[in-house]
Amino acid sequence: MKLIKYPAKKDWKELTKRPASDLSQLQAVVDEIFQEVQNNGDQALIALTKKFDKCALEQVVVPVEKVSSRINKDLQNAIDIAYRNIKTFHRTQIQEKEPKETTAGVVCWREARPIESVGMY
């Protein structure tokens, strides 16, 4: 880490400029990680955690008791409130499938599903 104390005002713009990164290979790396996890599940997560975080896990699931004992009560309450709010909001987005026979043998329904891309004019 480079520490710069009391820089001149003329240097502020350069010092606060975000570093430019070469992202051209990023998508390939992310795709490879997703493929590895899809193919090898928890074992891939354990190996990737060791590779990137330098931490050797025995299992992926961490018991709640082990985590909750290390979080202060205010943070735990904030997490609980956020969880309830997110769950309550997204529960309203669930749509039940209601098939309707519009003509003999023709059944229609509404269905929400993600699409990869869309074009509009």
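Preceding block: the structure.
Computed from a predicted structure; not experimentally measured. (Residues numbered from 1 in each chain as written. Predicted model: local features only at pLDDT ≥ 70, side-chain atom pairs only at ≥ 80, totals over all residues. Heavy atoms only, no water.)

1. Observations regarding unusual backbone geometry
Okay, so step 1: Within the chain, Tyr-6 stands out as a residue other than glycine whose phi angle is a positive 50°.
Okay, so step 2: The residue Tyr-6 is located in the segment before α1 (12–15) in this model.
Okay, so step 3: Phi is positive for Lys-54, close to 55°, though the residue is something other than glycine.
Okay, so step 4: Relative accessible area serves as the criterion here: at 68%, Lys-54 is assigned to the exposed category. (Helix = DSSP H or I, 4+ residues; strand = E, 2+ residues; numbered from the N terminus. Buried < 20%, exposed > 50% of the residue type's maximum accessible area, 1.4 Å probe, protein only.)

2. Remarks on helix α4 (residues 73–91)
Okay, so step 1: In a regular helix each residue adds 1.5 Å, so 19 residues correspond to 27 Å; α4 covers 27 Å between its end C-alpha atoms and thus fits that length.
Okay, so step 2: Capping of α4 at its N-terminal end is provided by Asn-72; its side-chain oxygen lies 3.0 Å from the backbone amide nitrogen of Asp-74. (Expected span 1.5 Å × (residues − 1). Polar contact = N/O pair within 3.5 Å; in protein donor to acceptor, adjacent residues only side chain to side chain.)

3. Structural notes on the pairing of strand β1 (residues 100–103)
Okay, so step 1: Bridging between β1 and strand β2 (residues 106–108) involves three bridges; their strand directions are antiparallel. Within the sheet, the bridge partner assigned to Glu-101 lies in β2 and is Val-107.
Okay, so step 2: Taking the residues that link successive antiparallel strands as the turn, the β1-β2 hairpin has two residues, and the phi of Gly-105 there is positive, at about 85°. (Pairing = 2+ DSSP bridges.)

4. Brief notes about helix α2 (residues 26–53)
Okay, so step 1: With 28 residues, α2 extends just 18 Å between its outermost C-alpha atoms, more than 12% less than the 40 Å of an ideal straight helix rising 1.5 Å per residue.
Okay, so step 2: Remark: the principal bend of α2, roughly 130°, maps to Asn-40.
Okay, so step 3: Listed as buried for α2 are Ala-44, Ile-46, Leu-48 and Thr-49.
Okay, so step 4: Positive backbone phi, at 55°, marks Lys-54, one or two positions downstream of α2. (Bend = angle between axes of the 7 residues up to and from the residue.)

5. As for the environment of Phe-52
Okay, so step 1: Tracing the backbone through its elements, the reader meets Phe-52 in helix α2.
Okay, so step 2: On the accessibility criterion, Phe-52 (47% relative accessible area) is partly exposed.
Okay, so step 3: Measuring from C-alpha to C-alpha, the distance between Phe-52 and Pro-63 comes to 22 Å, with 11 residues separating the pair along the chain.

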